[in-house]
Every structure is written in C-alpha cells, then in structure tokens.
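# Structural overview for review
One letter stands for each residue in the lines below.
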Amino acid sequence: MPCHPESPLRRLPLVTLLLSERCNSRCITCDYWRHGRADLDLASVRELLPSLRRLGTATVVLSGGEPLVNREWADIASLLAAEGLEVWLLTSGLSLAKHARRAGQLFRSITVSLDGTDPATYAAIRGVDAFDVVCNGIRAAVDAGVRVTVRVTLQRANFRQLASFVDLTRGLGTRQVSFLAVDVANPHAFARHEGFGSDLALRPAELEEFARLICALERDRNEAFSSGFIAENPHKLRRILQYFSAVCGLDPYPPVRCNAPEFSAVIDPRGRVSPCFFIAGPSEALARDGLDEALNRGDMVALRTTIRAGERPECKTCVCSMWRECA
C-alpha cells in the first residue's frame, strides 16, 4: 500500500538526528565546519522518546556535521539503545580509532565517509591530512565487531579511483562500499551559504573516461557487485554518470523516485524538523513541541504533498533518493 503524504504520519520508522553543526573536517563540498555552532543535547533527545515510541521508530541515525564532536554522543547513543532502537552512526572517522571500543558497544552499524584512496586525494577533498587516521579508525571499528560501511562522494578529484575504493575498503575489512555523486545542484545542502561554487563535478571531457571506468569495474570486480559489496548495481552507477552529464548540460537529470519524507525525518541541533537532508522544514516545526505534532502541522503536510507531486526543484536534481513501500 503506497504512502499518502496528505495524511497524518502515524509511523516514522527512521529518524536522523544531527548531533552537531560543527565538524572536524574541512570538506570542500560542505560548510558545516565554517558556520556550525550548535549541538543537540541529551535532554532534548530524552524529550523525543515519547514521540519516537508513538511513531514506532525503529532506527535512529546519528549524523551532523560530525556527531562525535558532540561531548554527549555516547550518552545519547546509550539512551537510544536502551529504548530498543537500532542506532547507526554516520561519521568522518577522524575520531573513530579513539572511540572504537565504545562505538562497538553502542552502534550496530557505522558508515564512514572516505573520499580518497591516498593521503593527497583525501586531503584535497576533506581539507585535513588524515587519510591514515581514518583508515586506522575503520580497522579499529571492524576489530570491535561493528558492521562498518564506507560512503564515497564521487567528484572530479577522485572519480579515477573508482576501482581503488573497492580494493581499499575490502582491505580495511568493511562490509560494503557505496557511491554517491557530489551534490552541486542544491546551493543550500550541507549548510552551504549562497555563492557555493559547483566546480566539483566532472567536466564534459571526463564523462567518457568515467563511463569506461564503470565498464571496467563491472568487468573486473563483478563479484563485488554480485555479492553486494558494492551497494549500487552498474545501472545505478551509470545514473551517477547521467547526473554529471546533466550538470554539464548534455542530458536530463536522471529521474528521482523518493518517498523518504513519508517514512523518515531529520532533526537538526536546534530542534528543527525537516522532511529530508536536502529540503528544510518550516522554521516553526520544532521537535520539542512533539515530533509527531511537528510532522503533522498543516505546512509540513503540505510540504510532503508538494514533494510527492514532484513540485520541489531540489528533488529534480537530487543525488540521493530512497523509496520504501509503506504499510
């Protein structure tokens, strides 16, 4: 049975908490580290618990900014885990080696952002010389028994390392690697301010090379596809190619099928509720007033309806889409 955005949300299986606006990376794709100040505190998360129970939430993702810079991250994760929730960490991995043992006790899954397969590429994209630090953190988390996956944001600086990412992450002991195109079409995503430069995407002369790299990956790493170690199938990787081709003005953007706002929500460190990472919710929709109440305000219901109808420009150029059949 499909979801109906014009109806009140009674179930919310997935919630993402942005534990901090701050970050210890200096990524060229993101401005959290430039402007972030606020952290989500333990008391605010505790106030969310009755709403999470009413909404039947099963999984809570801790993200940011960088969630591990929040001094209360372990207390927050412990509180959520004690409620029987599955807690999942999205991290840059810079502090993962230090916290690996505790993280292994609290998180069922950890996803690490890793945008280079060598120190120079990593530093050029992430803004810090920490490639070895992050790799050591991944190994430590794997040794602690956590299911570790890696997320790669493909862009002009690293797309030639496509196969190397598969080999590196396998060698680190991770369960899976996934690939996403760098988002250059939404000027407000990832705390960006006006004036964000989009010179991160592939250029027209590089598209054919990327197509060849995808074909070579399909030929030479076929087992990684068939086993699911590479999260995307070759068709989805070619959607990334189409996205970059669209950025170059050569093709339409790949069609997006997403109903994430109908089964999930994002809560930022100031308590504001949004339907997803890329579209801000009404400024008055605050989790402290009750997450279920915030989700079912008239303006939030109307926002979900426009998203479902394909009327939001952010959706037409989105690099990340999720679809879930709703009961």
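The shown structure was predicted, so the numbers you read here are calculated from the model rather than taken from an experiment. (Residues numbered from 1 in each chain as written. Predicted model: local features only at pLDDT ≥ 70, side-chain atom pairs only at ≥ 80, totals over all residues. Heavy atoms only, no water.)

### Here's the deal with the sheet that holds strand 8 (residues 273-274)
Pairing between the strands of a sheet comes from backbone hydrogen bonds, and it takes one of two forms, parallel or antiparallel. Ordered by their spatial adjacency, eight strands build an open sheet running 6-5-4-3-2-1-7-8, and the pairing between neighbours is mixed. Only two strands of the sheet have a single neighbouring strand rather than two, namely strand 6 (176-181) and strand 8. In this structure, strand 4 (residues 109-113) lies alongside strand 5 (residues 147-154), joined through five bridges in parallel fashion. Within strand 5, the position partnered with Thr111 by the bridge is Thr149. Set on the sheet, helix 6 (residues 131-143) makes contact with strand 4 and strand 5; between it and strand 5 the angle comes to about 150°. (Pairing = 2+ DSSP bridges. Helix = DSSP H or I, 4+ residues; strand = E, 2+ residues; numbered from the N terminus. Contact = heavy atoms within 4.5 Å. Axes fitted to C-alpha atoms, helices over the stretch in contact; angles between N-to-C directions.)

### Some words on the packing of helix 3 (residues 73-82) against helix 4 (residues 96-106)
Packing of helix 3 against helix 4 brings their axes to within 10 Å, and their N-to-C directions diverge by 20°. Viewed along their axes, helix 3 and helix 4 adopt a mutual orientation that is roughly parallel. Along this stretch, helix 3 crosses helix 4, giving a crossing that reads as left-handed. Each of Trp73, Ala74, Ala77 and Ser78 in helix 3 lies in contact with helix 4, whose residues at this interface are His99, Arg102, Ala103 and Leu106. The residue inventory of the contact of helix 3 with helix 4, partitioned by class, reads five nonpolar, two polar and one charged. (Parallel < 35°, antiparallel > 145°, perpendicular 65-115°, else oblique. Left-handed = near helix turned anticlockwise from the far one by under 90°. Nonpolar A, V, L, I, M, F, W, Y, C, P; charged D, E, K, R; others polar.)

### A look at the packing of helix 2 (residues 42-55) against helix 3
Where helix 2 contacts helix 3, the two axes come as close as 10 Å, and the packing angle between them is 20°. When the interaxial angle is binned, helix 2 and helix 3 end up roughly parallel. Crossing of helix 2 against helix 3: the hand is right-handed. Note on element contacts: helix 3 touches helix 2 through Asp75, Ile76, Leu79 and Leu80, opposite Leu42, Val45, Arg46, Leu49 and Leu52.

### Brief notes about unusual backbone geometry
Here the amide bond leading from Gly64 into Gly65 is cis, since omega sits at 25°, within 30 degrees of zero. Within the secondary structure layout, Gly65 lies in the loop between strand 2 (59-64) and helix 3.

### Some thoughts on the environment of Gly137
Along the chain, Gly137 turns up in helix 6. Among the residues examined, Gly137 registers a relative accessible area of 0% and is labelled buried. (Buried < 20%, exposed > 50% of the residue type's maximum accessible area, 1.4 Å probe, protein only.)

### Section: the packing of aromatic side chains
Overall, the coordinates contain seven aromatic pairs when judged by the stated rule. Ring centres 6.3 Å apart and planes at 75° place the aromatic pair Phe165 and Phe179 in the edge-to-face group. Here Phe165, found in helix 7 (residues 162-171), pairs with Phe179, found in strand 6; they are 14 residues apart in sequence, far enough to count as distant. When sorted by exposure, Phe165 lands in the same class as Phe179, which is buried. One aromatic cluster in this structure is built from Phe159, Phe210, Tyr243, Phe244 and Tyr253. The positively charged end of Arg257 is found above the aromatic ring belonging to Trp323, 3.8 Å away from the centroid. (Phe/Tyr/Trp six-rings, centres within 6.5 Å; stacked < 30°, edge-to-face > 60°. Lys NZ or Arg CZ within 6 Å of the ring centre and 35° of its normal.)

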